[in-house]
Amino acid sequence: MTVTLPSGETIPALGMGTWMMAESASRRAAEIAALRAGLDLGLTLIDTAEMYGSGAAESLVGEAVRGRRDEVFLVSKVLPSNASTAGTVRACEASLRRLGTDRLDLYLLHWRGSVPLARTVDAFERLREAGKIRHWGVSNFDVADMRELPGFCQTNQILYNLSRRGPEHDLLPWHASAGMPIMAYSPVEQGRLLDSPALAEVARRHDATPAQVALAWVLRLPHVNAIPKAGTVEHVEENAAALSLRLSSEDLAELDRAFPPPSGPEPLAML
Ligand SMILES: NC(=O)c1ccc[n+]([C@@H]2O[C@H](COP(=O)([O-])OP(=O)(O)OC[C@H]3O[C@@H](n4cnc5c(N)ncnc54)[C@H](OP(=O)(O)O)[C@@H]3O)[C@@H](O)[C@H]2O)c1
């Protein structure tokens, strides 16, 4: 399963997140093994950020993809406090060093701060011309922010899962009509969704797990990809298998009853 960017390039519908990785030496080997297992299973989009572990997550990703860089669609993010024109270029170069690579496939503004968007976009364009990033995008942007954005943005990474359906009211329709996918972060709500009785019931019908149902639900839309974080090979394998799970209209109706869609506009939430 793939999602198509405005550039025409396709990226995997299911990738891997890395927030909270590299925070414990005792988990490091398992986290690297999890990311490598994901690459073997085709989850070749890896999402990271200079913020995660203050750069430590990027270093861990660099180790995980060593020797396999060309297989990966690598995403990182600049903090809004670094997002001036010169600051973005510096932040990107530091991310590249930690990741042990000469280019990012996608570079995102982590959330909107006080720097005028045009300055950050100017830096993104300079980085693109220099070959240091291939594409750029944003994160945590609501419709009004998207409308203000100049230039050729490729995606908007947002909080979207069964318990966070607010974007269905206006942001997802805006993206669908703009032909720009969204990247759903925290697709299992950091694990909090997984004890839902409705998810358990749908999972039982498919001989699947609640995590697989939560991911299949996010991936039901053609312009949405998902980046669950999994710190073990077992969880990565389970998540990868969600790609072959198709939810029926009965499943979707049951999930709608447990997690109702928005009845009006809601401000975009973020974690
Ligand atoms: N742009 C932004 O502002 C922003 C904000 C938040 C997140 N993100 C990105 O999105 C990624 C995903 O979001 P997230 O990490 O917040 O939350 P998430 O992916 O919804 O949940 C991660 C949690 O779920 C557990 N998990 C994963 N697969 C599982 C499975 N099959 N069964 C049971 N538990 C499972 C993980 O446990 P284990 O680690 O034990 O496997 C971890 O505790 C982040 O890592 C980050 O890259 C971006």
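Refer to the preceding data block for the structure.
What counts and what doesn't
Residues numbered from 1 in each chain as written. Predicted model: local features only at pLDDT ≥ 70, side-chain atom pairs only at ≥ 80, totals over all residues. Heavy atoms only, no water. Helix = DSSP H or I, 4+ residues; strand = E, 2+ residues; numbered from the N terminus. Buried < 20%, exposed > 50% of the residue type's maximum accessible area, 1.4 Å probe, protein only. Contact = heavy atoms within 4.5 Å. Expected span 1.5 Å × (residues − 1). Pairing = 2+ DSSP bridges. Axes fitted to C-alpha atoms, helices over the stretch in contact; angles between N-to-C directions. Parallel < 35°, antiparallel > 145°, perpendicular 65-115°, else oblique. Nonpolar A, V, L, I, M, F, W, Y, C, P; charged D, E, K, R; others polar. Left-handed = near helix turned anticlockwise from the far one by under 90°. Phe/Tyr/Trp six-rings, centres within 6.5 Å; stacked < 30°, edge-to-face > 60°. Lys NZ or Arg CZ within 6 Å of the ring centre and 35° of its normal.

Turning to the environment of R205, a few remarks are in order. Note that R205 resides in helix α7 (residues 197-206). By relative accessible area, R205 is classed as partly exposed at 31%. As a C-alpha pair, R205 and S7 span 198 residues in sequence and 39 Å in three-dimensional space. Other than its neighbours up to four places away in sequence, R205 contacts E250, D251 and E254.

Between its terminal C-alpha atoms helix α1 (residues 28-40) stretches 19 Å, which fits the 18 Å expected from 13 residues at 1.5 Å a residue. Where α1 is buried, its residues touch β3 (45-47), α2 (56-64) and α9 (233-241). G42 lies just past α1 and shows a positive phi near 95 degrees.

Once that is clear, we can look at the sheet that holds β3. On the basis of which strands lie adjacent, the open sheet formed by seven strands has the order β3-β4-β5-β6-β7-β8-β9 and parallel pairing. Lying at the two open borders of the sheet, with one neighbouring strand each, are β3 and β9 (224-226). Within this sheet the neighbouring strands show an average axis-to-axis angle of 25 degrees, counted without direction. Bridge count between strand β5 (residues 106-109) and strand β6 (residues 136-139): three bridges; the pairing is parallel. By the bridge assignment, L109 is partnered in β6 with V138.

Packed helices, taken two at a time, are described by the angle between their axes plus the distance between the axes. Where α2 contacts helix α3 (residues 85-99), the two axes come as close as 7 Å, and the packing angle between them is 45 degrees. Comparing the axis directions of α2 and α3 gives the class oblique. Residues E58, S59, V61 and G62 of α2 form the contact with α3, whose participating residues are S95, R98 and L99. Residues of the contact of α2 with α3, tallied by class, amount to two nonpolar, three polar and two charged.

Turning our attention to the packing of α7 against helix α10 (residues 249-258). Contact geometry for α7 and α10: axes closest at 9 Å, N-to-C directions at 170 degrees. With respect to α10, the axis of α7 lies roughly antiparallel. Considering only the axes of α7 and α10, their crossing is right-handed. Each of A198, L199, E201, V202, R205 and H206 in α7 lies in contact with α10, whose residues at this interface are E250, D251, E254, L255 and A258. Along the lines of polarity and charge, the residues of the contact of α7 with α10 split into five nonpolar, one polar and five charged.

On to the packing of aromatic side chains, then. Aromatic ring pairs: the centre-centre distance and the angle between the two ring planes describe each pair. Considering all chains together, one arrives at four aromatic pairs under this definition. With 5.9 Å between their ring centres and 25 degrees between their planes, W19 and Y52 make a pair best called stacked. Of this pair, W19 sits in the loop between β2 (10-12) and α1 while Y52 sits in the loop between β3 and α2, and the two are 33 residues apart along the sequence. Look at W19 and you get partly exposed, because its relative accessible area is 28%. Ring centres of Y160 and W217 lie 5.3 Å apart, and the angle between their planes is 35 degrees; on these two criteria the pair is classed as tilted. Here Y160, found in the loop between β7 (156-159) and α6 (171-178), pairs with W217, found in helix α8 (residues 210-218); they are 57 residues apart in sequence, far enough to count as distant. Residue classification places Y160 among the buried residues on the basis of a relative accessible area of 0%. A connected cluster of aromatic rings, assembled from ring pairs, spans Y107, F124 and W136. Across the ring face of W217, the terminal group of R220 is positioned such that the distance to the ring centre comes to 3.8 Å.

In short, shape yes, function no, at least from these values alone.
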